[in-house]
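# A look at the structure
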Amino acid sequence: MTATATAPLAGVAEVDIRIEDDASPIVRLIGRTLRDSARIGHTPETLQRSAGTVAIRSHDTPQAATIAFGPNGVDVSGGVVPEPDTTVTVDLNARFTPAADPTGDPDLARDVLQALTPPLPNWREAAQRFWDTARSLPGMPDVLIAVTEGPDGLEQAVIGAGSTQYLIAGDRDTLAGVFSGADDLLAVLFSGVLGIQGTLSQLSVMTGASWKVRYDV
Amino acid sequence: MYEPTRPATEADRPESATRAVRLEATNHEGCYLGKTVAPKKFAAGKDTGFAFADLLFGLDLGNLPVFGAVFPDWRGHLDDVYFRPDMSTLVEWQPGVESVIGDYWLKDGTPVPICPRNLVRRMVDRLASHGFTATVAVEIEATVFEESIHEARSRGYRDLTPLGGSAGTAYHLAKSRDWVDYMNAVADRLDEVGIAWEAWSDEDAAGQVELNLAPGDPVTVGDAWARARQIMREVAFERGHTVTFMAKPTAGYGQASHINLSLQRDSVNAFHAEDGPSETMLHAIGGLLATIDGNTSLVLPQITSYRRLVDLTGPPVTRTWGISNKTTAVRAVCGNPTLSRIEYRLPGADANLYLALAGVLAGIIGGIEQKIDPPEQIADMAWCLPPGLGVERLPDTITKAAAALDADPVLRELLGDEFVDFWIASRKWEWMQFHTAGGDPSAELSEWESARYFELP
C-alpha cells in the first residue's frame, strides 16, 4: 500500500484510508468514497473498526476489491481475498446499490454499504468542490454553469470567470451525483438525464474531470 | 534495403488498367486504415490530399471516442485531416487495384503531430542533422489458426485450433502442409507486392510464425511492416484461416516485434569498433535505457501487452543491456563491421512499428545529443534478479508506463508534448475501458481482451 491518505474523521480521531499502488478504478472509487465518508463524519464506527474484510464485487463486470479494516486504518486492494468476512455485489454505476444478497456477515455488509453511500452534498456545494478539484486540468473551460429546475423555476450556479464556459443541466440529485463523483459523467450522459453545452473537446476534458473527482486520477 | 519493385507511374501503367486506388496509413493504435478511391478521384486529389475525419485519431479499438483530456488544437468537431499519398510507395496490390501509403496533414500544410509515419520521418531528419542514417529491421510474430475469421468471431476468438498442430517448438520444419502452404502464400504475396523478406520460420508457440523483413530505412521498413501484416491477414482470410498479432493471443506464449538497428555515417557502420561497442553505440544504448521506461508505453501499447512480461519466457523485464545477451532489454551485437547493431527486444507484436521506431530513434538521438553513458552491462541472466543489485524492472502496467512517458524529458522534447499528451490520454482511456467495461485483471487473458485485440490493431 503506497498510496495513502489520512482523512480527518469529523468529530473523532483521524482514520488512515490507504489504496494499493497502481490501483484499479474500483479500488480508487472505494478509497475515495470512504475518504468522503470520513471527511463528513459519516459512519465513524464502521471506518474505525479494527478488524474485518469485505469483498466488493461489481454486478456486471469482473471488477472486485477488498476492504480490510485493521487497527492502523483501512486498506483497499484489488481482487478478493480468500474467505472474506462478507461479500457484497453492487452496481458501481448506481452508487453501490446492492445487486444481490450479501454472503457472510450481514451486519458487516450492511455497515460497509452504508459507509460507501455517504449523503450527497447539495448540488451547489458539489459543483464548487468539483470546480476546485478540476479547474487546473488542461483545457478546462473558464466558467462552469450548472443549471437545474427548482421549485421557483430555473436555478443556476456560475463558477469561475472568463471567456469559455461549459453548461451542465440536470435535476439536483443528478448534478450532485456527477459533481461529487458518486456518478460517472459519461454513464449519466448516456442515460439521457443530463444536458450539456460545450465543445467536443470540452466534453473530453470534463470526462477527465469527472474521473478526477470520482476516481482521484 | 527494401525498395518497392513496382513503383507504378502513370507513364508505365495505363490509367484504364486501374479500377481503384487504396489509400493506406496506420492510426496511432497501429490499425491499418484507409479508403478505396476511383482513379479519377485519386488523380484529382493526390497532390492536395484526401479528407479523413479526425476521428481516425480519436476512436479506441472498440469504436468509442476517446475522452479524458483536452483535444489537440487542430481537432474540432470531427473535422478533416488530409491524407497525402507518398507516390514512392505506389504498388499494384492486385490486378486493377493500386495501393499507396501516405501521411496525414493539417489544412495549413503542416504534418499532423500525432501521425505515426510523420513522427518517424521527423526522427530520421533529426538523426540526419547529426550526420547519421539508420538501418532497421523488424521481426513480425503472429499466430495462425485453422478456423476462418468468421468462426473465430463466433467463438469470441478463443479455443481456436493452432494451424500446423499443437506440438510447439521453434524452427520445427516438419509442420503440416496447411501451415507451410500458408507461409508460402504469404511469401508469394510479399514478392508480388515488392516487399523484400529474408526469412520465415516456426516460432515457439503452437501456430506461431516469425517473418523477418529485410533491413532498410525506418520509414520504408515501417511501410513494409504495415503491408506485410495486411498481407498476412488477407492470405489467412483467403485460405479460410485467421491470424492475430495480439501480444498474447492465448494464455501461453506471447508475441514480440524485436527491432534491430544500426547507424551509419558516411556509409560506415557507426556502431562498430574493433574492441567492442563504439562510443556512438554506447551513447545510443545510454539513451535507449534512459528512455526505456517511457518508451515502454509506445512499444507495449495495450493492456495485454504487459501480460508478456514474465521472467524466463523471452521478453525483457529489466532496464538492462548486454553484449550478446538476449535476456536484457537491449542486446548489443558487436565485433563485425557489417553486423554490429542493437536489438531492442521490448516491443510486442501489437506495437505500432512506426511509433516504436519513433520512440527508439528518439532514445538514440537523446543518447547521442546528451552523450548519455549506459550503466554497466549485464553479463548474467537478466531475469529473476533479486532486489538490491541496482537493476530496475521495467514498468509492468499500462498506467505505470504512461506515467513514465509523461515524466520523460527526452521523449517529450523529441516526440513533442502534443503527441505525448495525446498518447498518455489514450492509454488512460484504454485502462479505464479495460477495468470498467468487462476486462478481468485476474484472468490470464480475459474475454474482453480477446474481443478487443484479436483483429485490431
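Chain B goes by Glutamine synthetase family protein in an unreviewed UniProt entry, where it is assigned to Prauserella alba. Entered under Sequence similarities (unreviewed entry) in the UniProt record, the comment concerning chain B runs "Belongs to the glutamine synthetase family."

Within an unreviewed UniProt entry, the label attached to chain A reads SCP-2 sterol transfer family protein, and the organism entered is Prauserella alba.

Right, let's talk about the environment of A137(B) for a bit. Residues and elements named next belong to chain B. Counting through the fold element by element, A137 comes out in strand 7 (residues 133–145). Here A137 falls in the buried class, since its relative accessible area comes to 15%. A137 has contacts with L213, P215, H258, I259 and N260, leaving out every residue within four places of it along the chain.

Residues of chain B with pLDDT of at least 70 account for 96%, and the chain-wide mean is 95. In this model, residues 1–8 of chain B is a region of pLDDT below 50 whose contacts with residues beyond four sequence positions or in other chains number 26 contacts.

Residue and element names in this part refer to chain B. Per the stated rule, a full pass over the model turns up one cavity of 30 Å³ or more. Size it by volume and the largest cavity reaches roughly 40 Å³. Around the largest cavity, the lining residues are T26, G30, Y32, W225, A226, R229, Q230 and R233. In terms of residue count, helix 5 (residues 218–238) provides more of the lining of the largest cavity than any other element does, five residues in total. Across the lining of the largest cavity, the residue classes break down as three nonpolar, three polar and two charged. Both domain 1 (15–113) and domain 2 (127–453) contribute no fewer than three residues apiece to the lining of the largest cavity.

The full count for this structure, using the stated rule, is 39 salt bridges over all chains. The salt bridge partner of D75(A) is R18(A), with a shortest N-O separation of 2.6 Å. Here D75(A), found in strand 5 (residues 73–78), pairs with R18(A), found in strand 2 (residues 15–19); they are 57 residues apart in sequence, far enough to count as distant. A residue is classified by how much of its surface remains accessible, and R18(A), at 14% relative accessible area, is buried. Taking the shortest distance from any N to any O, the salt bridge between E455(B) and R153(B) comes out at 2.7 Å.

Before going further, it helps to spend a moment on the packing of aromatic side chains. Residue and element names in this part refer to chain B. Throughout the structure, instances matching the rule amount to 16 aromatic pairs over all chains. Between F67 and W429, the ring centres sit 6.4 Å apart and the planes meet at 90 degrees, which makes this aromatic pair edge-to-face. Separated by 362 residues along the polypeptide, F67 in the loop between strand 3 (50–53) and strand 4 (80–85) and W429 in helix 11 (residues 417–436) bring together distant segments of the chain. Considered together, F67 and W429 belong to a single accessibility category, that of buried residues. Relative to Y104, the ring of F83 lies with its centre 5.8 Å away and its plane at 70 degrees, an arrangement referred to as edge-to-face. One end of the pair, F83, is in strand 4; the other, Y104, is in strand 6 (residues 97–105), with 21 residues separating them in the sequence. The ring of W93 has R189 lying over it, and the distance from NZ or CZ to the ring centre is 5.5 Å. In this structure, R427 is placed above the aromatic ring of W423, and the distance from its NZ or CZ to the ring centre is 4.0 Å.

Residue and element names in this part refer to chain A. Pairing analysis gives eight bridges linking strand 9 (residues 143–150) to strand 10 (residues 153–160), with the strands arranged antiparallel. If you follow T148 over to strand 10, its bridge partner there is E155. Turn length for the strand 9-strand 10 hairpin, with the two strands adjacent in sequence and antiparallel, is two residues.

Moving on to the domain arrangement of chain B. Interface extent is often summarised as the accessible area lost during association of the parts. Residues and elements named next belong to chain B. Parsing chain B into structural domains produces domain 1 (15–113) and domain 2 (127–453). Look at where the C-alpha atoms of domain 1 and domain 2 centre, and you get two points 25 Å apart. Each side of the interface is counted separately: domain 1 has 27 residues, and domain 2 has 27 residues. For the pair domain 1 and domain 2, the summed buried surface comes to about 2200 Å²; carbon and sulfur atoms form 55% of the total.

On to the side chain of T18(B), then. For T18(B), the position within the fold is in the segment before strand 1 (20–26). Owing to a relative accessible area of 10%, T18(B) belongs among the buried residues under this scheme.

So, about the interface of chain B and chain A. Each partner contributes residues to the interface: chain B has 21 residues there, and chain A has 23 residues. Taken together, both faces of the contact between chain B and chain A bury some 1900 Å²; the carbon and sulfur share is 72%. If you look at where chain B meets chain A, you find zero salt bridges. Summed over the shared surface of chain B and chain A, the number is seven residue pairs in polar contact (both at pLDDT 80 or more). When residues of the side of chain B that touches chain A are traced back to their parent elements, those giving at least two are helix 9 (398–406) and helix 11 of chain B. No other element matches helix 11 of chain B, which puts six residues into the side of chain B that touches chain A. Residue composition of the side of chain B that touches chain A, by class: nine nonpolar, nine polar and three charged.

The next subject is helix 8 (residues 353–369) of chain B. All names here are of chain B. With 17 residues, helix 8 extends 24 Å between its outermost C-alpha atoms, agreeing within 8% with the 24 Å of an ideal straight helix rising 1.5 Å per residue. In terms of burial, helix 8 is a largely internal element, 16 of the 17 residues being buried. Where helix 8 begins, the side chain of N352 points an oxygen toward the backbone nitrogen of Y354, at a separation of 3.0 Å.

Calculation rules
Residues numbered from 1 in each chain as written. Chains lettered and ligands numbered in written order. Predicted model: local features only at pLDDT ≥ 70, side-chain atom pairs only at ≥ 80, totals over all residues. Heavy atoms only, no water. UniProt positions renumbered as here; feature names shortened; annotations may be inferred. Helix = DSSP H or I, 4+ residues; strand = E, 2+ residues; numbered from the N terminus. Buried < 20%, exposed > 50% of the residue type's maximum accessible area, 1.4 Å probe, protein only. Contact = heavy atoms within 4.5 Å. pLDDT = per-residue confidence, 0-100. 1 Å grid on protein atoms, 1.4 Å probe; cavity = no way out; pocket = protein on both sides within 12 Å on 5 of 7 lines; lining within 4 Å. Points joined across faces, edges and corners; volume = space filled by probe spheres on them. Nonpolar A, V, L, I, M, F, W, Y, C, P; charged D, E, K, R; others polar. Domains from an automatic or database assignment. Salt bridge = Lys/Arg side-chain N within 4 Å of Asp/Glu carboxyl O. Phe/Tyr/Trp six-rings, centres within 6.5 Å; stacked < 30°, edge-to-face > 60°. Lys NZ or Arg CZ within 6 Å of the ring centre and 35° of its normal. Pairing = 2+ DSSP bridges. Buried area = accessible area lost by both parts, 1.4 Å probe. Polar contact = N/O pair within 3.5 Å; in protein donor to acceptor, adjacent residues only side chain to side chain. Expected span 1.5 Å × (residues − 1).

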